[in-house]
Amino acid sequence: MLNETETASPSPMVSSTWLTVFVVELAVISIINGFTILTFARNRHLRKRTTYLIISLTTADLFVGTLSVPLHIYSSMTIGRGSGFGWGKFILLFWEAMFIACSLLHLALLSLERLHATLFPFRHCLMLDWVYFKAVVCVWFLAVIPASAGPALYLIASQASQYVWASLVIAVLVTVIVSYVIIALNVKRKTPPYSSGAVSSDRKLTVTVLVVIVLSTVTFFPFLLSIFVKVSTKVIGLSDEAEFDIKHSTLFFCFANSIVNPLVYTLRMKEFRKGAKVWCGSANINTASRSQIIEMNKVTG
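Residues numbered from 1 in each chain as written. Predicted model: local features only at pLDDT ≥ 70, side-chain atom pairs only at ≥ 80, totals over all residues. Heavy atoms only, no water.

### Some thoughts on the environment of His106
Consideration 1: The residue His106 is located in helix 3 (residues 87–119) in this model.
Consideration 2: Relative accessible area serves as the criterion here: at 0%, His106 is assigned to the buried category.
Consideration 3: For the pair formed by His106 and Ala135, sequence separation is 29 residues and the distance between their alpha carbons is 9.7 Å.
Consideration 4: Discounting chain neighbours no more than four positions away, the residues touching His106 are Leu53, Ser56, Leu57, Val139 and Trp140. (Helix = DSSP H or I, 4+ residues; strand = E, 2+ residues; numbered from the N terminus. Buried < 20%, exposed > 50% of the residue type's maximum accessible area, 1.4 Å probe, protein only. Contact = heavy atoms within 4.5 Å.)

Given below as structure tokens:
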């Protein structure tokens, strides 16, 4: 996994502190992503091609809170890095890593989807639902690669495991940056040849995805910075407790990536806020006016 915890190093006080921090974090991740998925599930008009990838990403983030964080808490107390390969330990670490890798890969997929929508607007509008379903399935299967390599190296050659995750984060960042540079240049150069309403809706979704990706990048930056500092300076003078705190601080921010998405949806997507109010009881979807439903469909479509 992203962590390199040496279970014998931290003091009980430090361990209990981080235990409390991660328990609170997993509760927040689980509640906020669970609420987001329920909102999509209870409001059919929100489930469109433009939100399929967002729903899949939110599902991965939900599993980060309900499985990855609890498994990390358990593995950090029972499995030490370089402790030797064992199938039981590997499977535990695999499921801990799987959903984090999947969440990361979704960021690259979202940026590529927005790039395709910008460069080929007509072709993008004609894409069928099964294309999105195939893309989602591919991302979940691709996540198996880093989720397998990282834990295996953690148990056998622990130093190498961090490079697996650093490589994944860098690959996602490069994909995102290149995609949005091309999008920005294309939007600046010409106006897409379709209706102004569609342009406004599409650009709003593109900006929303960009905000999600930027905030997600911020959450993974401390991890990349810690790897860069370690490789470039080869710092070895830190105490075990200090190293433990640094590693778990970076991991805390990595897990926090799974809180970013639903918060951005709530702030940026008007139709999502309306859908949330509907199923929470602020309104009733069965008695909502036809004009409200049409307005939501226009924004999401």
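### Describing a nonpolar patch on the surface
Consideration 1: Among the surface-exposed residues, Leu119, Phe120, Ile170, Val174, Val178 and Ile182 lie close enough to one another that they form a single nonpolar patch of about 460 Å² accessible area.
Consideration 2: Looking at the nonpolar patch, the element that brings in the most residues is helix 7 (residues 158–189), giving four residues.
Consideration 3: As for its position among the elements, Val174 is in helix 7.
Consideration 4: Taking the relative accessible area as the measure of exposure, Val174 reaches 46% and is therefore partly exposed. (Patch = residues over 30% accessible without salt bridge, like charges linked within 9 Å, V, L, I, M, F, W, Y side chains within 5 Å. Areas by Shrake-Rupley, 256 points an atom, 1.4 Å probe, with all protein chains shown as cover. Salt bridge = Lys/Arg side-chain N within 4 Å of Asp/Glu carboxyl O.)

### Notes on the confidence of the model for the protein
Consideration 1: Scored by pLDDT, the protein has a mean of 76; 73% of the residues are at 70 or more.
Consideration 2: The secondary structure element of the protein with the lowest average pLDDT is helix 11 (residues 290–300), at 46, and the one with the highest is helix 5 (residues 129–142), at 90.
Consideration 3: Confidence over residues 192–197 falls short of pLDDT 50; this stretch has eight contacts with residues more than four positions distant or in other chains.
Consideration 4: With pLDDT under 50 throughout, residues 283–296 is counted as low confidence; its partners more than four residues away or in other chains account for 15 contacts. (pLDDT = per-residue confidence, 0-100.)

### Concerning the packing of aromatic side chains
Consideration 1: If you walk through the whole model with that rule in mind, you get eleven aromatic pairs.
Consideration 2: Consider the rings of Phe94 and Trp95, whose centres lie 5.0 Å apart with planes at 80°: the pair is edge-to-face.
Consideration 3: The structure contains a cluster of three or more aromatic residues connected by ring pairs, namely Phe63, Trp87, Phe90, Phe94, Trp95, Phe99 and Trp140.
Consideration 4: In this structure, Arg123 is placed above the aromatic ring of Phe120, and the distance from its NZ or CZ to the ring centre is 4.6 Å. (Phe/Tyr/Trp six-rings, centres within 6.5 Å; stacked < 30°, edge-to-face > 60°. Lys NZ or Arg CZ within 6 Å of the ring centre and 35° of its normal.)

### Digging into the nonpolar core
Consideration 1: Val69 and Phe255 are the most contacted members of the largest nonpolar core, which has 64 residues in total.
Consideration 2: Listed by contribution, the elements that provide at least two residues to this core are helix 1 (12–42), helix 2 (49–78), helix 3, helix 5, helix 7, helix 8 (196–233) and helix 9 (240–268).
Consideration 3: With 14 residues, helix 3 is the single largest residue contributor to this core.
Consideration 4: The contacts of Val69, once residues within four sequence positions are left out, are Phe22, Leu26, Ile29, Val64 and Phe255.
Consideration 5: If you look at the next biggest cluster of nonpolar residues, it comprises five residues, including Phe90, Leu93, Ala152 and Leu155. (Core = buried A, V, L, I, M, F, W, Y, C linked by side-chain atoms within 4.5 Å.)

### With respect to empty space enclosed by the protein
Consideration 1: Under the defined criterion, the tally for this structure stands at three cavities of 30 Å³ or more.
Consideration 2: Of the pockets and cavities examined, the largest cavity occupies roughly 40 Å³.
Consideration 3: Lining the largest cavity we find Arg49, Thr50, Leu53, Ile54, Leu110, Glu113, Arg114, Tyr132, Leu205 and Val209.
Consideration 4: Sorting the residues of the lining of the largest cavity by element identifies helix 2, helix 3 and helix 8 as the ones contributing at least two each.
Consideration 5: When the residues that make up the lining of the largest cavity are grouped by side-chain class, the tally is six nonpolar, one polar and three charged. (1 Å grid on protein atoms, 1.4 Å probe; cavity = no way out; pocket = protein on both sides within 12 Å on 5 of 7 lines; lining within 4 Å. Points joined across faces, edges and corners; volume = space filled by probe spheres on them. Nonpolar A, V, L, I, M, F, W, Y, C, P; charged D, E, K, R; others polar.)

### Let's talk about the packing of helix 5 against helix 6 (residues 144–156)
Helix-helix packing: each pair is described by the crossing angle between the helix axes and the interaxial distance.
Consideration 1: Closest axis-to-axis distance for the helix 5/helix 6 pair is 4 Å, and the angle between their directions is 10°. Overall, the two elements helix 5 and helix 6 adopt an arrangement that is roughly parallel. Contacts between helix 5 and helix 6 involve Trp140, Phe141 and Leu142 on the former and, on the latter, Val144, Ile145 and Pro146.
Consideration 2: Grouping the constituent residues of the contact of helix 5 with helix 6 by class yields six nonpolar, no polar and no charged. (Axes fitted to C-alpha atoms, helices over the stretch in contact; angles between N-to-C directions. Parallel < 35°, antiparallel > 145°, perpendicular 65-115°, else oblique.)

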